[in-house]
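Examination of the molecular architecture
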Amino acid sequence: MTGIVKLNKVTKVIKNRTIIDSISFEVHKGEVFGFLGPNGAGKTTTIRMMVGLIGISEGDIEIAGKSITNDFEQAVSHIGAIIENPEMYKFLTGYQNLLHYARMSNGINKKKIFEIVELVGLTERIHDKVKTYSLGMRQRLGLAQCLLHEPDVLILDEPTNGLDPAGIREIRDHLRYLAKEKNMAVIVSSHLLLEMEMMCDRIAIIQHGKLIDVQRVQNFLEGSDHVVVFETADSVKAIQVISGSYPTIHIKQLENEIHLLISKEQIPGIVRLLVENHIDIFRVQEVTKTLEDRFLEITREKADRIHV
């Protein structure tokens, strides 16, 4: 599958300091792609290069086969984006704002505007002044603005910042719909790990301007050992038995439970081992690993390799 967005060894240097260090990845139509990293990692800088707000020091970015560097207008014509916060004319209504932006592109009529308004759920309030909108409504109006020219790529920088849980869910549902039903490539940057886990198909992790990994969310979460809890009748004996056969397994005892850091493939063998040694097992439970757990693991592993 060919990516509609391609970053090829993109580097950004500001005042002799490398902010973004030779990062490469692709984003495909029909997916929500998460750009994840702590504040200051380089997410917004990368996005600004993707939409042409700042120049690229080395490498190139292609949007629908067009280079941001060499064919800027053609490349950005495929993009709808909100960088940081959507800016609107607060003394105008939502509809007047959209009409103003529609005049900047060809072929956007009133029917199209109202289709987009309905898509983002603003039909009942679109003729109210923007100054009366909540933050969530302004985010949805900004999303409508991005969608007016039917872009192939939607880029949103921290779109859920400042929203309450209901607003976050609304934005998440809209973005999932646009990717799956409209076959749009949606790129979302965030430092909110739980939100990215619920929203994205794939994620790229960036830290200190370097791309650490790009994976499907599910593969990302399953890509390591898991903590498995065994509740037994005799935890002391269970630990002795397991340690004898699996000396490298990390084991932690919590009252009548033992917590093992193991792969899924090791679980049946450990269960058989305990049964063969006449140790009753009351419960075997895998502790679900969150994106936050995995993020910390990977960034810690990367830091350890750097300092070796």
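Let us look at the structure shown here. Quick caveat, the model's predicted, so the values are computed rather than measured.

Thoughts on the side chain of T11
In this structure, T11 sits in strand β1 (residues 5–14). The buried category is assigned to T11, whose relative accessible area is 8%. A polar contact of 2.9 Å, which involves the side chain of T11, links it to the backbone nitrogen of S22. When sequence neighbours within four positions are dropped, the list of residues in contact with T11 reads T18, I20, D21, S22, M49, I56, S57 and E58.

Digging into the packing of aromatic side chains
A complete count under the given rule lists four aromatic pairs for this structure. Seen in terms of ring centroids, F25 and F35 are 5.5 Å apart; in terms of plane orientation they differ by 45°. Their pairing is tilted. Linking F25 in strand β2 (residues 17–27) with F35 in strand β3 (residues 32–36), this pair joins segments that are ten residues apart in sequence. Taken as a pair, F25 and F35 share a single burial class, namely buried. Relative to F114, the ring of Y95 has its centre 5.2 Å away and its plane inclined at 10°; by these criteria the two rings are stacked. Within this pair, whereas Y95 is found in helix α3 (residues 94–102), its partner F114 is found in helix α4 (residues 110–119), the two being separated by 19 residues in sequence.

A look at the packing of α3 against helix α5 (residues 135–147)
Relative orientation of the contacting elements α3 and α5 amounts to 25°, with a least axis distance of 10 Å. By the angle class used here, α3 and α5 are roughly parallel. The hand of the α3/α5 crossing is right-handed. Residue-level inspection shows G94, L98 and Y101 of α3 in contact with α5, the latter providing L141, A144 and Q145.

Observations regarding the pairing of β3
For β3, a buried count of five out of five residues is recorded, marking the element as mostly surrounded by other parts of the structure. Along β3, one buried face is formed by V32, G34 and L36 and the opposite face, lined by F33 and F35, is buried too. Pairing of β3 with strand β8 (residues 185–190) involves five bridges; the strand directions are parallel. Paired with V32 across the strands is V186, a residue of β8. Across four bridges, the pairing between β3 and strand β9 (residues 202–207) is parallel.

A look at the pattern of salt bridges
All chains considered together, the criterion is met by eleven salt bridges. A salt bridge links D173 to R169; its shortest N-O distance comes to 4.0 Å. Separated by four residues within a single helix, D173 and R169 lie in helix α6 (residues 165–181), roughly one turn from each other. Salt-bridge contacts for K180 lead to D201; the nearest nitrogen and oxygen are separated by 3.2 Å. With K180 in helix α6 and D201 in the loop between α7 (193–199) and β9, this pair connects stretches of sequence that are 21 residues apart. With relative accessibility at 42%, the residue K180 sits in the partly exposed group. Overlapping salt bridges, with partners in common, bring together R176, K180 and D201 in one network.

Some points on the sheet that holds strand β12 (residues 250–254)
The four strands are arranged β12-β13-β11-β14 in an open sheet whose pairing can be described as antiparallel. Bordering the open sheet on either side are β12 and β14 (281–287), each of which pairs with just one other strand. Across the sheet, the mean angle separating the axes of adjacent strands is 20° when strand polarity is ignored. With six bridges connecting them, strand β11 (residues 226–232) and strand β13 (residues 257–262) associate as antiparallel partners. Counted as the bridge partner of E231 is E257 from β13. Packing of helix α9 (residues 235–245) onto the sheet brings it into contact with β11, β12 and β13, and relative to β12 it is tilted by some 180°. The strands that helix α10 (residues 267–276) touches are β11, β13 and β14; relative to β11, the one it contacts most, it runs at about 20°.

Rules used in this analysis
- Residues numbered from 1 in each chain as written.
- Predicted model: local features only at pLDDT ≥ 70, side-chain atom pairs only at ≥ 80, totals over all residues.
- Heavy atoms only, no water.
- Helix = DSSP H or I, 4+ residues; strand = E, 2+ residues; numbered from the N terminus.
- Buried < 20%, exposed > 50% of the residue type's maximum accessible area, 1.4 Å probe, protein only.
- Polar contact = N/O pair within 3.5 Å; in protein donor to acceptor, adjacent residues only side chain to side chain.
- Contact = heavy atoms within 4.5 Å.
- Phe/Tyr/Trp six-rings, centres within 6.5 Å; stacked < 30°, edge-to-face > 60°.
- Axes fitted to C-alpha atoms, helices over the stretch in contact; angles between N-to-C directions.
- Parallel < 35°, antiparallel > 145°, perpendicular 65-115°, else oblique.
- Left-handed = near helix turned anticlockwise from the far one by under 90°.
- Pairing = 2+ DSSP bridges.
- Salt bridge = Lys/Arg side-chain N within 4 Å of Asp/Glu carboxyl O.

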